[in-house]
Amino acid sequence: MGKQYERLTDRLRAFIDAQPVFFVATAPLDADGHVNLSPKGRSGSLAVLDDRTLAYLDFGGSHAETIAHLRENGRITLMWCAFDGPPTVLRVHGRGEPVFRDDPRFPGLAARMAEADDVGVRAIILVEAERISDSCGFAVPFLDYREERTLHAEYFGRKGEDGFAAYCESKETNVASIDGLPALPVPLPQRT
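Note that the structure is a prediction, hence the values are computed from the model and not measured.

**Considerations on helix α4 (residues 151-170)**
Argument step 1. Taking 1.5 Å as the rise per residue, α4 with 20 residues should run 28 Å; its terminal C-alpha atoms sit only 20 Å apart, a clear shortfall.
Argument step 2. The largest bend in α4 comes to about 110°, at G160.
Argument step 3. The set of residues buried in α4 consists of A153, F156, F164, A165, Y167 and C168.

**Looking at the packing of aromatic side chains**
Both the distance between ring centres and the angle between the ring planes are used here to describe each pair of aromatic rings.
Argument step 1. Under the definition given, this model contains six aromatic pairs.
Argument step 2. Both rings, one in F22 and one in Y56, keep their centres 5.4 Å apart while their planes meet at 75°; by these two values the pair is edge-to-face. In this pair, F22 sits in strand β2 (residues 22-26) while Y56 sits in strand β5 (residues 53-59), placing the two residues 34 residues apart along the sequence.
Argument step 3. Ring plane angle 80° and centroid distance 6.3 Å describe the contact between Y155 and Y167, whose orientation is recorded as edge-to-face.
Argument step 4. Judged by relative accessible area, Y155 falls into the partly exposed class, the value being 35%.
Argument step 5. For Y167, a relative accessible area of 12% translates into the label buried.
Argument step 6. An aromatic cluster is built from Y155, F156, F164 and Y167, whose rings are joined through pairwise contacts.

**Examining the pairing of strand β4 (residues 46-50)**
Argument step 1. For β4, a buried count of four out of five residues is recorded, marking the element as mostly surrounded by other parts of the structure.
Argument step 2. Where β4 meets β5, four bridges bridge the pair, whose relative direction is antiparallel. When the sheet's bridge partners are listed, D50 is paired in β5 with T53.
Argument step 3. Hairpin connection between β4 and β5: a loop of two residues separates the two successive antiparallel strands.

**Let's talk about the nonpolar core**
Argument step 1. In terms of nonpolar packing, the biggest core is built from 36 residues, with L78 and W80 touching the most fellow members.
Argument step 2. If sequence neighbours within four positions are ignored, W80 has contacts with F15, I16, Q19, V21, F22, L46, L54, T88, V89, L90 and V92.
Argument step 3. Grouped together as the second largest cluster of nonpolar side chains are 14 residues, L49, F59, F106 and V121 included.

**Things to note about a negative patch on the surface**
Argument step 1. A grouping of D30, D32, E72 and D179 is seen on the molecular surface, where their side chains present a negatively charged patch.
Argument step 2. Along the chain, the position of D32 falls in the loop between β2 and β3 (36-40).
Argument step 3. We classify D32 as exposed; its relative accessible area is 70%.

**Re the side chain of T77**
Argument step 1. Position of T77 relative to the elements: it lies in strand β6 (residues 75-81).
Argument step 2. Separated by 3.2 Å, the side chains of T77 and H93 make a polar contact.
Argument step 3. Sequence-distant contacts of T77, defined by excluding residues within four places in its chain, comprise F23, V24, A25, R91, V92 and H93.

**With respect to the pairing of strand β8 (residues 121-136)**
Taken residue by residue, a regular strand's side chains alternate between the two faces of the sheet.
Argument step 1. Sheet topology note: the strand β1 (residues 3-5)/β8 ladder contains three bridges and is antiparallel. Residue pairing in the sheet places K3 in a bridge with D134 of β8.
Argument step 2. Sheet analysis places β5 next to β8, joined by seven bridges and oriented antiparallel. Looking at the pairing, F59 lines up with V121 of β8.
Argument step 3. The pairing of strand β7 (residues 88-100) with β8 spans 13 bridges and is antiparallel. Looking at the pairing, R91 lines up with S133 of β8.

Definitions and limits used
- Residues numbered from 1 in each chain as written.
- Predicted model: local features only at pLDDT ≥ 70, side-chain atom pairs only at ≥ 80, totals over all residues.
- Heavy atoms only, no water.
- Helix = DSSP H or I, 4+ residues; strand = E, 2+ residues; numbered from the N terminus.
- Expected span 1.5 Å × (residues − 1).
- Bend = angle between axes of the 7 residues up to and from the residue.
- Buried < 20%, exposed > 50% of the residue type's maximum accessible area, 1.4 Å probe, protein only.
- Phe/Tyr/Trp six-rings, centres within 6.5 Å; stacked < 30°, edge-to-face > 60°.
- Pairing = 2+ DSSP bridges.
- Core = buried A, V, L, I, M, F, W, Y, C linked by side-chain atoms within 4.5 Å.
- Contact = heavy atoms within 4.5 Å.
- Patch = residues over 30% accessible without salt bridge, like charges linked within 9 Å, V, L, I, M, F, W, Y side chains within 5 Å.
- Areas by Shrake-Rupley, 256 points an atom, 1.4 Å probe, with all protein chains shown as cover.
- Salt bridge = Lys/Arg side-chain N within 4 Å of Asp/Glu carboxyl O.
- Lys, Arg positive; Asp, Glu negative; His and termini not counted.
- Charge placed at Lys NZ, Arg CZ, Asp CG, Glu CD.
- Polar contact = N/O pair within 3.5 Å; in protein donor to acceptor, adjacent residues only side chain to side chain.

Spatial relationships are all this shows, so hold off on functional conclusions.
Okay, here's the thing in structure tokens:
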């Protein structure tokens, strides 16, 4: 039976910390727009900042749907599934915003995820929880975690900062969502 929580308790924080992957869902306001669902997972790239606030590193890639949707309407849901141990699914519904690299808050937020490899970071997604709930994960399969993939960090590490900025600017779906909403500001802001 599912339960709703007023805050991210120590038990919920421990559950979040134990999961090697989480999922992010956003959508535009346009009913014909595309809902986006993305897996996230680089170790150390998520931090619970307080009992209702989370942040995660947003890495460069082929799309910037989450950033575009948050810039338009701020709606976001984060979800974690237990792939081992007791069956649990945890969701945080809330309001999010992208904190870009030139934002004065960026360095302080990034420091909260200092253990993460931050190669290829284009923003930090800051999430304020409005609804926190869990439910049974009876249908979620058991899966064994092996190790982190290093391809993303290696790829963008070879490009360097200037190459990463050029990559972000060259990808149409980094500058605008697939529905044409503004996404990543270009040129890519330098880190403060």
